[in-house]
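Survey of secondary and tertiary structure
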Amino acid sequence: MTDTITHVWPGLRYHDAPAALAFLVEAFGFVETARYPGAEPHSIGHAELRWPAGGGVMLGSVRADSVISDLPAGTGSVYVVTDDIDALFDRAVAAGARVVRGLQEEEYGSQGFTVRDPEGVYWSFGTYQGE
């Protein structure tokens, strides 16, 4: 597979989407590539964050007219592949990510950790790239 277009975009909703976006950039190193204002002051209607090695997530503020309006804010779990697991763990902890599972070796040869962002979304990072 050589396609470089991102075809899968996890979508997340946050009560304070601007703060969540800033946290994801600071704590994990996502790159903000799009941000459109929402209808409410200090809200985000739609934002895109790219992972430097490939892929991305979309996020926005809680709003009643969303097709996922019944999905509670701060819900979800995302796995992200990284080559520099030790530095990313240190960066996430320094930015205030809540550690759920510290950095550890997996029985299948990967290294990884899991943290939660300020609104509760689970973020797992590891060296396992899938089969």
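Source: prediction; values computed, not measured.

**Focus: the sheet that holds strand 8 (residues 122–126)**
Strands pair in a sheet through their backbones, by hydrogen bonds, and they do so in one of two ways: parallel or antiparallel. Strand order in the open sheet formed by four strands is 5-8-7-6, and the pairing between neighbours is mixed. Strand pairing shows two members of the sheet lacking a second neighbour, strand 5 (77–81) and strand 6 (98–105), which therefore form its edges. Mean inter-strand twist for the sheet, computed between neighbouring axes without regard to direction, equals 15 degrees. Here strand 7 (residues 111–116) runs beside strand 8; their pairing, made up of five bridges, is antiparallel. From the neighbouring strand, arginine 116 faces strand 8, where its bridge partner is tyrosine 122.

**Focus on the side chain of arginine 13**
Structurally, arginine 13 is set in strand 1 (residues 11–14). Salt bridges are absent for the buried arginine 13, whose nearest opposite-charge side chain, aspartate 70, sits at 7.1 Å. Of note is the side chain of arginine 13, whose polar atom sits 3.4 Å from the backbone oxygen of isoleucine 68. Engagement of the side chain of arginine 13 in a polar contact is seen with the backbone oxygen of serine 69, the distance being 3.4 Å. The contact partners of arginine 13, leaving out residues within four places of it in the chain, are Gly60, Val62, Arg63, Ser66, Ile68, Ser69, Leu71, Ala73 and Gly74.

**Considerations on a nonpolar patch on the surface**
Taken together, the side chains of Tyr79, Tyr108 and Tyr128 make up a nonpolar region of the molecular surface, amounting to roughly 330 Å² of accessible area. Locating tyrosine 79 in the fold gives a position in strand 5.

**What about the environment of valine 99?**
Turning to its location among the elements, valine 99 is positioned in strand 6. Along the primary structure valine 99 and aspartate 117 are separated by 18 residues, whereas in three dimensions their C-alpha atoms are 9.3 Å apart. In this structure valine 99 touches Phe89, Val93, Thr114 and Val115, once residues within four positions along its chain are discounted.

Quick notes on the rules
- Residues numbered from 1 in each chain as written.
- Predicted model: local features only at pLDDT ≥ 70, side-chain atom pairs only at ≥ 80, totals over all residues.
- Heavy atoms only, no water.
- Pairing = 2+ DSSP bridges.
- Helix = DSSP H or I, 4+ residues; strand = E, 2+ residues; numbered from the N terminus.
- Axes fitted to C-alpha atoms, helices over the stretch in contact; angles between N-to-C directions.
- Buried < 20%, exposed > 50% of the residue type's maximum accessible area, 1.4 Å probe, protein only.
- Lys, Arg positive; Asp, Glu negative; His and termini not counted.
- Salt bridge = Lys/Arg side-chain N within 4 Å of Asp/Glu carboxyl O.
- Polar contact = N/O pair within 3.5 Å; in protein donor to acceptor, adjacent residues only side chain to side chain.
- Contact = heavy atoms within 4.5 Å.
- Patch = residues over 30% accessible without salt bridge, like charges linked within 9 Å, V, L, I, M, F, W, Y side chains within 5 Å.
- Areas by Shrake-Rupley, 256 points an atom, 1.4 Å probe, with all protein chains shown as cover.

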